[in-house]
Amino acid sequence: MSELFDEVDEDVRRDQLKKIWDKYSILIVAGAFLIIAAVGGWRGYQYLEAKKAAEAGAAFDKASELSEQNKHTEAEAAFADLAAKAPSGYRVLARLRVAAEAASRDPQAAAKLYDDISADRTVGAPEQDLARVRAAGLLLETSTYPNMLQRLEPATVPGATFRHTARELLALSAWRTNDTTAARQWLDVIANDGETPASLRSRAEALQALLPPVAKS
């Protein structure tokens with residue numbers, strides 16, 4: 001008797017499955033097709049992105065070789081092309097290199113390119129700070145200390161990637177413009193940061209020695 005009931009249940013389940021299939025077979029097939037298409041599309045996208053990255057890497061290397069050969073005009077053009085067309089990671093690096101190449105012919109124009117990068121909110125904070133530091137380095141001899149402070153202060157905060165270089169540039173700018181108070185301030189910041197590189201610490205100590213002694217009250 002139990003076997004009979006099992007056979008009846010199996011027939012009922014089979015009949016129910018057939019009805020479901022007859023009613024929803026198109027949707028089931030379409031859903032399966034969409035899943036396969038989505039997976040295939042994602043794989044295709046990954047392949048294309050990997051291919052673009054590889055091509056951009058090769059183009060970046062070729063542009064770097066031009067720079068090493070002192071073909072700065074050609075290198076600048078190659079990096080500019082990458083900055084316009086390459087994937088996002090290479091695009092930022094290429095923009096930085098465009099500015100670096102421009103510095104060999106026009107420091108003011110290069111500083112403007114760096115300023116554009118530092119003001120671009122789509123660029124990561126470390127790259128923005130790097131652009132600030134490089135622009136300030138180009139303008140150190142011609143810019144006022146207040147201007148340098150405005151440029152570099154955001155990059156001097158604890159934890160900022162290029163804070164050590166930014167602080168040194170501000171100390172140099174203050175010293176160059178005879179602002180000994182500001183120079184001492186930044187030299188103290190450098191001295192009190194336990195992560196200050198040894199070479200930079202030595203330069204800061206040398207600059208400290210050039211400052212006039214503090215007047216005793």
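In what follows, the structure referred to is the one given above.
Given the structure is predicted, the values throughout are model-derived calculations rather than measurements.

Caption draft 1: Broad picture of the overall build of the chain. A tally of helices and strands in the chain yields nine helices and zero strands. What you see in the chain, going N to C, is helices and strands ordered as α-α-α-α-α-α-α-α-α. Here the analysis covers contacts within the chain between residues at least 6 apart in sequence; of these, 49% occur between residues at least 24 apart. A total accessible area of about 14,000 Å² is found for the chain, and carbon and sulfur atoms account for 59% of it.

Caption draft 2: Highlighting the packing of helix α7 (residues 163-176) against helix α9 (residues 198-210). Interhelical geometry of α7 versus α9 gives an angle of 15° and a closest axis separation of 11 Å. By the angle class used here, α7 and α9 are roughly parallel. Judged by the sense of rotation from one axis to the other, the crossing of α7 with α9 is left-handed. Contact with α7, carried on its side by His164, Thr165, Glu168, Ala171, Leu172 and Trp175, involves Leu200, Arg203, Leu207 and Leu210 of α9 and no other residues of that element.

Caption draft 3: Local environment of the nonpolar core. If you look at the biggest cluster of nonpolar residues, it comprises 21 residues, and the most contacted ones within it are Tyr145, Met148, Leu152, Leu169, Leu170 and Leu187. If near-sequence neighbours (up to four positions away) are discounted, Tyr145 is found in contact with Leu170, Ser173, Ala174, Thr177, Asp179, Ala182 and Trp186.

Caption draft 4: Looking closely at helix α6 (residues 145-152). Of all the positions in α6, only Tyr145, Met148 and Leu152 are classed as buried. Down the axis of α6, the buried side of the element spans an arc of 60°, and every buried residue falls inside it. Summarising the geometry of α6, the exposed residues directed more than 90 degrees from the buried face are Pro146 and Gln150. Considering only its buried residues, α6 is in contact with α5 (125-139), α7 and α8 (180-192).

Caption draft 5: Representation of the pattern of salt bridges within the structure. Scanning the entire structure with this criterion turns up eleven salt bridges. For Arg97, the salt bridge identified is with Glu101, shortest N-O distance 3.5 Å. Here Glu101 and Arg97 lie together in helix α3 (residues 88-103), a separation of four residues that amounts to about one turn. The buried category is assigned to Glu101, whose relative accessible area is 3%. Each of the salt bridges in this network shares a partner with another, and the network as a whole consists of Arg163, Arg167, Asp193 and Glu195.

Cut-offs applied
- Throughout this description, residue numbers start from 1 for each chain and increase along the sequence as written.
- Two thresholds apply to this predicted model, a pLDDT of at least 70 for residue-level local features and 80 or more for giving and counting side-chain atom pairs, whereas whole-chain, interface and lining totals are computed over all residues.
- Derived side-chain values reflect all non-hydrogen atoms in the structure, with water molecules and hydrogen atoms excluded from consideration.
- Each helix is a run of DSSP H or I of at least 4 residues and each strand a run of E of at least 2, with the numbering of both proceeding from the N terminus.
- Contact between two residues is taken to exist if any of their heavy atoms lie within 4.5 Å; hydrogens are not considered.
- Exposure was quantified through the Shrake-Rupley algorithm and a 1.4 Å probe, taking into account, for residues, occlusion by the shown protein chains and nothing else.
- The angle between two axes is taken between their N-to-C directions and runs from 0 to 180 degrees, where each axis is a line fitted to C-alpha atoms and a helix contributes only its stretch in contact.
- Angle categories: roughly parallel below 35 degrees, roughly antiparallel above 145, roughly perpendicular from 65 to 115, and oblique for all the rest.
- Here a crossing is called left-handed whenever its near helix is offset anticlockwise from the far helix by less than a right angle, and right-handed whenever the offset is clockwise.
- Only buried Ala, Val, Leu, Ile, Met, Phe, Trp, Tyr and Cys residues count toward a nonpolar core, and they belong to the same one when joined by side-chain atoms within 4.5 Å.
- Using a 1.4 Å probe on the protein chains alone, a residue whose accessible area is under 20% of its type maximum counts as buried, one over 50% counts as exposed, and one in between counts as partly exposed.
- Note that the arc is defined by the directions from the helix axis to the C-beta atoms.
- Any carboxyl oxygen of Asp or Glu within 4 Å of a side-chain nitrogen of Lys or Arg constitutes a salt bridge here.

None of the figures reported here should be taken as evidence of function without further support.
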